[in-house]
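# Breakdown of the fold
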Amino acid sequence: MNWTMQGRCWKFGDNLSLDDDILEFAKVFVGGVRVSDPNYLKKHVFTNMIPDFPERAKPGDIVVAGKRFGQGNPHIYGLLGMAGLGLGLIAESVPHFTYRMIVAAGLPSLPFFNDIGAFVEDGDELRVNFRTGEVENLSRGVRCESDPLPGALRDIIELGGFLPALKKRLTDMNTKG
Amino acid sequence: MCMTLTEKIMARASGRDELRTGDIVYPEADLATIHDLYVVEADRQLTELGVERPWNPERVFVCFDHDTIPQTVAVANRAKKIREIVKRWGIKHFFGPGRGQGHVFPMEIGLIKPGACVLAYDIHVTNYGAVGCLGLALVFEFPAVLATGSHWLKVPETIRIDLSGKLQPGVGIRDAAARIIHEIGPDAADYRVFEYTGDALAHLGVDARVKLCNLPIEIGAKSAIVPADEVVAAWMRERNIGGFEAMRSDPDAEFAETYEFDLSAMEPVVALPPRPENVAPLGEAIGVPIHAAYLGSCAADQYEDMAEAAEILRGKKLAPGVRMIVTPGSREVLARCVEDGLMDVFCEAGAMVGPPGCGPCAIGRGGPLADGETCIATVTRNDVGRMGSREARIYLAGAATVAASAVRGEIADPRDFLA
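Residues numbered from 1 in each chain as written. Chains lettered and ligands numbered in written order. Predicted model: local features only at pLDDT ≥ 70, side-chain atom pairs only at ≥ 80, totals over all residues. Heavy atoms only, no water.

### A closer look at the overall build of chain B
Within chain B, the secondary structure is distributed over 12 helices and 18 strands. Computed over the C-alpha atoms, the radius of gyration of chain B is 20 Å, within 12% of the 22 Å expected from 2.2 N^0.38 for a compact globule of 419 residues. Based on the C-alpha atoms only, the size of chain B along its principal axes is roughly 60 × 55 × 40 Å. Here chain B, with 419 residues, has 64% of them falling under the buried criterion. Considering only intrachain contacts with a sequence separation of at least 6, the fraction spanning at least 24 residues in chain B is 74%. As displayed, chain B has an accessible area near 14,500 Å², and 48% of this comes from carbon and sulfur atoms. Of note, chain B has its 42 positive side-chain charges centred 5 Å away from the centre of its 58 negative side-chain charges. (Helix = DSSP H or I, 4+ residues; strand = E, 2+ residues; numbered from the N terminus. Rg over C-alpha atoms; globule rule 2.2 N^0.38 Å. Buried < 20%, exposed > 50% of the residue type's maximum accessible area, 1.4 Å probe, protein only. Contact = heavy atoms within 4.5 Å. Areas by Shrake-Rupley, 256 points an atom, 1.4 Å probe, with all protein chains shown as cover. Lys, Arg positive; Asp, Glu negative; His and termini not counted. Charge placed at Lys NZ, Arg CZ, Asp CG, Glu CD.)

### Details of the interface of chain B and chain A
Between chain B and chain A, the contact holds 43 residues from the first and 33 residues from the second. Buried area between chain B and chain A, summed over both chains or domains, comes out near 3,400 Å², and the portion from carbon and sulfur atoms is 59%. Per-residue buried area on chain B facing chain A is highest for B:L49, B:F140 and B:R390; these three make up 19% of the total on that side. Taken together, the connections running from chain B to chain A amount to 4 salt bridges. Close ionic contact of A:R100 with B:E141 constitutes a salt bridge, the shortest N to O distance being 2.8 Å. Inspection of the chain B/chain A interface yields 12 residue pairs in polar contact (both at pLDDT 80 or more). Looking at the side of chain B that touches chain A, the elements that each hand over two or more residues are α2 (39-48), α3 (73-89) and α5 (142-148) of chain B. A class-by-class count of the residues in the side of chain B that touches chain A yields 24 nonpolar, 6 polar and 13 charged. (Buried area = accessible area lost by both parts, 1.4 Å probe. Salt bridge = Lys/Arg side-chain N within 4 Å of Asp/Glu carboxyl O. Polar contact = N/O pair within 3.5 Å; in protein donor to acceptor, adjacent residues only side chain to side chain. Nonpolar A, V, L, I, M, F, W, Y, C, P; charged D, E, K, R; others polar.)

### Overview of the pattern of salt bridges
In total, this model carries 40 salt bridges over all chains according to the counting rule given. Between B:R390 and A:E24 there is a salt bridge, with its nearest N and O atoms 3.7 Å apart. Highlighted residues: B:R390 in the loop between β17 (374-377) and β18 (393-396) and A:E24 in the loop between α1 (18-22) and β2 (29-30), drawn from two different chains. Since its relative accessible area comes to 29%, B:R390 is described here as partly exposed. Judged by relative accessible area, A:E24 falls into the buried class, the value being 16%.

### Quick look at the pairing of strand β8 (residues 157-164) of chain B
Residue and element names in this part refer to chain B. As defined by bridge partners, β8 adjoins strand β9 (residues 192-197) across 6 bridges and the pair is classed as parallel. Residue pairing in the sheet places D162 in a bridge with T197 of β9. In the classification by handedness, the crossover that spans β8, the intervening helix α6 (residues 173-189) and the parallel β9 is right-handed. With 6 bridges joining them, β8 and strand β11 (residues 257-262) adopt parallel strand pairing. Opposite S164, over in β11, you have D262 as the bridge partner. (Pairing = 2+ DSSP bridges. Right-handed = clockwise from strand over helix to strand, strands pointing away.)

### Comments concerning the side chain of B:R99
All names here are of chain B. In this fold, R99 is placed in the loop between β4 (93-95) and α4 (105-108). Residue classification places R99 among the buried positions, given a relative accessible area of 9%. In terms of polar contacts, R99 uses its side chain to reach the side chain of E332, at 2.8 Å.

Written as structure tokens, this is what we have:
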């Protein structure tokens, strides 16, 4: 995968909730069964905040959020939808469960980027290297950086998230006998 | 050796003599728990992985507590499918609808023991901390547990919470638990285990301890636990449950932080919409008109919660225009409520009693809120849409406050009813 992404900055505030702001939980159910297909979930990402977000967002766009992005009941579906749209994520902070789920969803992220909000505005053009933690604000001609995710977790994202990584773990276990 | 209780349990489950905060370990689940909303998804995920059945069907617990009574044919069809899956997997601990809420009744029937390590799909597994068991949730990554019996976990730090004093009349343990999560807050709670200690525990039974262990997860704690003591031993003896083992943190174990709370100084509180940590003195919400009241969910559906509400409701009626739903946490709780006359109190007051299970806390199942309605409830969370309409507002409170408010038709102080 390409760890460098370039696109529009979608800037949000603090405390975005998993079950309402990021993706309304009721939308996860189809015929009473939870759907975890990113291609379905992507149609509902952020629509309670920006109704036409899924149509306007393009692969490579970067969501920039404040503190405690993804607070609330740890439902992964909104993060899977974000991955389905091909987005990247930068946040000032995330709760630990969301940290786990970002990796599980295979979503390229810089989840603990102090004061990123002071550096970007909604609509700015950003280039982000999620492997090194470097962010360039092309609209303003400035750059900054934070710690990237640890390599072991980037490996999971590289494989496409939790399920492909688990598949590999099971195959490795079987191969070793 | 100087380990916290959490470290001891995780070390034992990981086959290690010792471990430290921050270590990455693969503890094997003594019990792996899932509920009805997840079984079909789990089966599909296992199939994708080429795994036919869980690693050890004897250690998997499946219960129907979210959609107890299907409201649509689609849900009924899913229920049928779940039964087929459970049979195909050869699950030993399978409990059908009406048996109870999965974070409550397994303790009552001795499935959960002190010192056990339970890995769960659902976050409220922390309830089991009430009997000294470590409950850890993995949610979306749960297929790893079903396929292999374990998954990676970072050993969390522990916060020690010393409790002293006794609650005043009209103040419930839920009030204290809410005050505690408010004071500690999401930043300090994140990825830590709350371990409760102190003299006050001698007066707090398993029902009360469940509240202490239920609420921290809402602000991001990894788990919560009360070291099993004589109170738990006596509780288990009463139910003919064997396997009691006292386990506690070593005297020189390291705690990330220590907090002290005096229960006698606690007051009734509410959590204002739309987040459980928005805890405020009850006075700030007194007089807010309500349309619905709900007593139940894994945060308040045990006998003591039922009794706390019944004490307020006895001989009274719900206010005109207010509806109230009560869901006991298990068949045992329901039976005891019938035996002790609590069901008469609820019925005479005009409340509806639903089947044991999660009740409307599960996104409004069996009693959703309408647009513009306000509800006071003992549920776990008050996010937008948690009990139905996104245009409804949910105030969280303890059983006594919910009952008092249902009688008044507006948020009310239970202490006014105890004169």
